Protein chains: 2
Amino acid sequence: MKKNAVIIFSGGVDSTTLLYDSMRKGYEVECLTFMYGQKHGREVDSACRIADGVNVPLKVMDLSPLGEILSGSALTDANIDIPEVPETAEHYETLKTTIVPNRNAIFLSIAVGRAVSIGSDNVFFGAHNSDRGVYPDCREEFVESFQTSERLATANPGLNILAPFVFMEKADIVRLGAGLGVPFGETWSCYKGGSAHCGACSSCRERKRAFIGAGVPDPTGYER
Amino acid sequence: MKKNAVIIFSGGVDSTTLLYDSMRKGYEVECLTFMYGQKHGREVDSACRIADGVNVPLKVMDLSPLGEILSGSALTDANIDIPEVPETAEHYETLKTTIVPNRNAIFLSIAVGRAVSIGSDNVFFGAHNSDRGVYPDCREEFVESFQTSERLATANPGLNILAPFVFMEKADIVRLGAGLGVPFGETWSCYKGGSAHCGACSSCRERKRAFIGAGVPDPTGYER
């Protein structure tokens, strides 16, 4: 039986590890990568290169018009600076400026549509526990509820929204990825999307801390 | 208190009546209209004209790349003909070719994102009971479940996904719209998207039948 899946794939540490993990589990995967007006559109290049490296089909969905209507996020709005604070609890209010309203529900619903189109019952999503403080659409209770909704929307009680990292910290993901041979040097995390990782935004800080926590060498060349 | 809402607006009979009904109820509304590779892109012209007629802001979201990945629907796929059968139960299997996989979950999730951006708690959606046989994402149980999911995704327990027609037949909607002064002659239903309503596709047939059932004069010039 064909075990296939659609994966929401940004070219970051989490979704790249998820891609490798799902392949190891025997899934035939298709990657969906989204352009939604993010400043770090640079991540799409990483996504393409990584998928290419493992011969997995990837579709880049250019949904840039979303950036115009999902306003108010530091990730998409030129008038709002990417915050340079640690990704720790006392900064959650500041970090909430990096929420793109309802982004993951949008990505998941499109991925489910694609899964239906290709006759797959499975959508993989790289949400993890380190995200839960800031991003409500990365929480287990959301993923579970959304799966229920999508089973109704598609009249397919066998549809699965799989977020196997939802209870893992990012350091655990790095450790898993290291064991799977994930090319971390190819992955992209920085919210600023410059030519190198800035090292100061919350996403870079979380990336640094995850490698340290995992005891895995960090191949990233940070600016700061 | 500002009572505002985002409405998923196609320029058809249902969403136009919903627009008029929500305005009558005192909502300040913004319309979202989607281009998703549908053959009847013609509906977008209707949507713009109708929103303009009542001075309501409308955003056309050009998400045409969705058409490429949500394949297998007669509404988007050039290789699949729009079926010309009545919209009755014995034809449901044929009519399922007009399902665009997960379309309404995709539209709703984007509309929720927009609602968050503009500080609104309300999304209006024109699903009705005549759709339920064919389209699982028009059913009340889906709408209710999706509202639960979106409350979690946005960490807003006050978010509402409002589908006030979900238990109404299309004829009831036509009757309501007639009382509200809906410009039915401006609305578009035909799945084929020619220069006039074809009169033969299931959407045209349902439209015809709804006007007859409502006892409301049908201003539509059908080809057949």
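Relevant structure appears above.
Residues take numbers from 1 onward in each chain, read along the sequence in its written order. Think of it this way: whatever chain is written first is A, whatever ligand is written first is 1, and the rest follow in order. Predicted model: local features are reported for residues with pLDDT of at least 70 only, side-chain atom pairs are reported and counted for 80 or more only, and whole-chain, interface and lining totals are derived from all residues.

**Student:** What should I look at first to understand the sheet that holds strand β4 (residues 122-124) of chain A in this one?
**Tutor:** Backbone-to-backbone hydrogen bonds pair the strands of a sheet. The strands run either parallel or antiparallel. All names here are of chain A. In this description, strands pair whenever DSSP reports at least two bridges between them. The helix and strand labels rest on DSSP assignments: H or I over at least four residues marks a helix, E over at least two residues marks a strand, and numbering proceeds from the N terminus. Ordered in space as β3-β2-β1-β4-β5, the 5 strands form an open sheet in which the pairing is parallel. Both edges of this open sheet fall to β3 (58-62) and β5 (160-162), since each of them pairs with a single strand only. Adjacent strand axes in the sheet meet at a mean angle of 25°, parallel and antiparallel pairs treated alike. The contact criterion used is a C-beta to C-beta distance within 7 Å, with each C-beta placed from the backbone. Where helices are involved, their axes are fitted lines through C-alpha atoms of the stretch in contact, as for all axes, and angles between N-to-C directions lie from 0 to 180°. Across the sheet, helix α2 (residues 42-53) lies against β2 (28-35) and β3, angled at about 165° from β2, the strand it touches most.

**Student:** What exactly am I supposed to notice about the interface of chain A and chain B here?
**Tutor:** The parts lose accessible area when they come together, and the size of an interface is often stated as this lost area. Taken together, the contacts link 36 residues of chain A with 36 residues of chain B. Mapped onto the side of chain A that touches chain B, the elements with two or more residues apiece are β3, α3 (65-69), α5 (103-117) and α6 (140-153) of chain A. Top element by residues in the side of chain A that touches chain B is α5(A). It accounts for 10 residues. For this classification, Asp, Glu, Lys and Arg are treated as charged, while Ala, Val, Leu, Ile, Met, Phe, Trp, Tyr, Cys and Pro are nonpolar and the rest, including Gly, are polar. Within the side of chain A that touches chain B, the residues separate by chemical class into 18 nonpolar, 11 polar and 7 charged.

**Student:** Hey, could you run me through the relation of the copies chain A and chain B in this one?
**Tutor:** The operation relating the two chain copies consists of a rotation about an axis and a shift along that axis. The least-squares superposition of copies is restricted to C-alpha atoms, and to residues with a pLDDT of at least 70 in both copies. Its rotation angle being 180°, the transformation that places chain A on chain B also includes 0.0 Å of axial translation and leaves an RMSD of 0.0 Å. Taken together, the rotation angle and the small translation identify this as a two-fold axis. A high fraction, 100%, of the interface residues of chain A reappear at the interface in chain B, so the copies pair face to face through one surface.

**Student:** Can you walk me through the sheet that holds strand β5 (residues 160-162) of chain B in this structure?
**Tutor:** Residues and elements named next belong to chain B. Taking strand neighbours across the sheet as the criterion, the 5 strands line up as β3-β2-β1-β4-β5 in an open arrangement whose pairing is parallel. With partners counted over all chains shown, the strands left at the sheet margins are β3 (58-62) and β5, one partner each. Averaged over all pairs of adjacent strands, the angle between strand axes in this sheet comes to 25°, irrespective of strand direction. This element, helix α1 (residues 13-24), spans β1 (4-8), β2 (28-35) and β4 (122-124) of the sheet and lies at about 170° to β1.

**Student:** Can you walk me through α1(B) in this structure?
**Tutor:** Residues separated by three or four positions in an α-helix point in the same direction, a consequence of the helix having 3.6 residues per turn. Residues and elements named next belong to chain B. Multiplying one less than the number of residues by 1.5 Å gives the expected span of a helix. Along its 12 residues, α1 runs 16 Å from first to last C-alpha, staying within 8% of the 16 Å computed at 1.5 Å per residue. Counts of 20 or more other C-beta atoms within 10 Å of a residue's own C-beta define buried residues, counts of 12 or fewer define exposed ones, and intermediate counts define partly exposed ones; C-beta atoms are placed from the backbone. When you tally the buried positions in α1, you get 10 out of 12 residues, the bulk of the element. Residues of α1 that are buried include every one of Val-13, Asp-14, Ser-15, Thr-16, Thr-17, Leu-18, Leu-19, Tyr-20, Asp-21 and Ser-22, and no others. Buried residues belonging to α1 abut β1, β2, α2 (42-53), β4, α7 (170-180) and α8 (202-214).

**Student:** Sorry, what's going on with the packing of helix α1 (residues 13-24) of chain A against helix α7 (residues 170-180) of chain A here?
**Tutor:** Between two packed helices, what matters for the description is the angle formed by their axes and the separation of those axes. Residues and elements named next belong to chain A. Contact geometry of α1 with α7 gives a least axis separation of 9 Å together with a crossing angle of 50°. Our classification of the angle between α1 and α7 gives oblique. Taken as a pair, α1 and α7 cross one another with a handedness that is left-handed. Where α1 approaches α7, its residues Val-13, Asp-14, Thr-16, Thr-17, Tyr-20, Asp-21 and Arg-24 are matched on the opposing element by Ile-173, Val-174, Leu-176, Gly-177 and Leu-180. Note on terminology: angles under 35 degrees are roughly parallel, angles over 145 are roughly antiparallel, angles of 65 to 115 are roughly perpendicular, and the others are oblique. Should the near helix be turned anticlockwise from the far one by less than a right angle, the crossing is termed left-handed; should it be turned clockwise, right-handed.

**Student:** Is there a simple way to think about the pairing of β1(B) in this case?
**Tutor:** For a regular strand, the rule is simple: side chains alternate between the two faces of the sheet. Residue and element names in this part refer to chain B. Burial of β1 is extensive: 4 of the 5 residues sit out of reach of the surface. Bridge count for β1 against β2 is 5 bridges, and the pairing is parallel. Residue pairing across strands places Ile-8 opposite Leu-32, the latter belonging to β2. Sheet topology places β1 next to β4; 2 bridges connect them, and they run parallel. Across the sheet, Ile-7 pairs through a bridge with Phe-124, a residue of β4.

**Student:** Looking at this model, I keep getting lost on unusual backbone geometry. Mind explaining?
**Tutor:** For residues other than glycine, phi is negative in most cases, and the peptide bonds are mostly trans. Residues and elements named next belong to chain A. Of note, Ala-155 is a non-glycine position whose phi angle comes to about 50°, a positive value. By the element assignment, Ala-155 lies in the loop between α6 and β5. Judged by C-beta crowding, with 15 C-beta atoms within 10 Å, Ala-155 ranks as partly exposed.

**Student:** Quick question: what am I supposed to make of the environment of A:Glu30 here?
**Tutor:** All names here are of chain A. Relative to the helices and strands, Glu-30 resides in strand β2. A residue is classified by how many C-beta atoms lie within 10 Å of it, and Glu-30, with 21 of them, is buried. Between the C-alpha atom of Glu-30 and that of Arg-114, which follows or precedes it by 84 residues, the distance is 9.5 Å. Beyond its immediate sequence surroundings of up to four residues, Glu-30 is in contact with Val-6, Pro-57 and Ile-118.

**Student:** Would you mind showing me how to read the environment of A:Gly199 here?
**Tutor:** Residues and elements named next belong to chain A. Tracing the sequence through the fold places Gly-199 in the loop between α7 and α8 (202-214). Considered as a pair, Gly-199 and Ala-78 are 121 residues apart in the sequence and their alpha carbons are 20 Å apart. Sequence-distant contacts of Gly-199, that is, excluding residues within four places in its chain, are made with Cys-204, Tyr-222, Glu-223 and Arg-224.

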